[in-house]
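Examination of the molecular architecture
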Amino acid sequence: MKKAKTILAGAFITSTIVLGACNTDQEVDNPAPEDQVEEEDNTMGDDTDDTIGDDDTTMEDDDTTMGDDTDTDEDNDMGEDMGDMTEDEEPATTAFGFSTFELSVNYDEMGDNYDVTYEHDPEEVRAEIDDSVNDTQLEGDEAYTELETTFEEMELDSSMSEEEIIDAVVQGFGLDPNYDSLELTITWDDGTDLDIEHSQEDDTM
């Protein structure tokens, strides 16, 4: 009976590890410094809290000699300084000017697609490239490394026209311009969304 329980426990742990690995394939472990998620800021926040706690103790000891007014002024000044520090620690923008980039290019005659997914949210960065044209699939850090170079070269921003963005994407990813359809969704750092749907039929109309 003990041996059976041991086998069942081992099977459960193994299946848990496998499922966990499947859910994190697209997660990027080493994004660019400007693309770090806020997880590291929380660690800094914990250190700051500890420091403030120690300072509060010292300030309480000084209350007897300095008076209530001095204590209040010091508390306010320290609160303002810590607020400024927190704002400085949080990146104002992502590394590329957008938090979401989803691209899907379809080549009907060849039956192939070129798909790109990049997502930056407060907890993690995810990246994936599914290139059935060249039979290549990259996930996580490998995909991010490839996308980082391409995104930096394209220099996309919200002031560009749809035509300019399409041309930059096709050239940046080295795509065959004779695609059947192209769909692109971008969420810029200011929170606005861009949705593009383009096909070769649009050019002939």
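To start, this report covers the structure provided alongside it. (Residues numbered from 1 in each chain as written. Predicted model: local features only at pLDDT ≥ 70, side-chain atom pairs only at ≥ 80, totals over all residues. Heavy atoms only, no water.)

1. Describing the sheet that holds strand E3 (residues 125–131)
Backbone-to-backbone hydrogen bonds join strands into a sheet, with any given pair of strands oriented parallel or antiparallel. As summarised here, the arrangement of the six strands in space is E4-E3-E2-E1-E5-E6, forming an open sheet in which the pairing is antiparallel. With one partner strand each, in any of the chains shown, strand E4 (136–139) and strand E6 (193–199) form the two edges of the open sheet. The mean angle between the axes of side-by-side strands here comes to 5°, regardless of whether they run parallel or antiparallel. Here strand E2 (residues 112–120) pairs with E3 via seven bridges, running antiparallel. For His 120, the partnering residue across the bridge sits in E3 and is Val 125. Against the sheet, helix H4 (residues 140–154) contacts strand E1 (98–107), E2, E3 and E4, and its axis sits at roughly 85° relative to E3. Its contacts with the sheet place helix H5 (residues 162–172) against E1, strand E5 (181–188) and E6, and it is angled at close to 75° to E6. (Pairing = 2+ DSSP bridges. Helix = DSSP H or I, 4+ residues; strand = E, 2+ residues; numbered from the N terminus. Axes fitted to C-alpha atoms, helices over the stretch in contact; angles between N-to-C directions. Contact = heavy atoms within 4.5 Å.)

2. Considering the packing of aromatic side chains
For the structure shown, the criterion picks out 14 aromatic pairs. Considering the side-chain rings of Phe 98 and Tyr 118, the 6.0 Å spacing of their centres and the 90° angle between planes classify their relative orientation as edge-to-face. One end of the pair, Phe 98, is in strand E1; the other, Tyr 118, is in strand E2, with 20 residues separating them in the sequence. With a relative accessible area of 1%, Phe 98 lands in the buried category. Here a set of aromatic residues connected by ring pairs shows up, and it is made of Phe 96, Phe 98, Phe 101, Tyr 114, Tyr 118, Tyr 144, Phe 151, Phe 173 and Trp 188. (Phe/Tyr/Trp six-rings, centres within 6.5 Å; stacked < 30°, edge-to-face > 60°. Buried < 20%, exposed > 50% of the residue type's maximum accessible area, 1.4 Å probe, protein only.)

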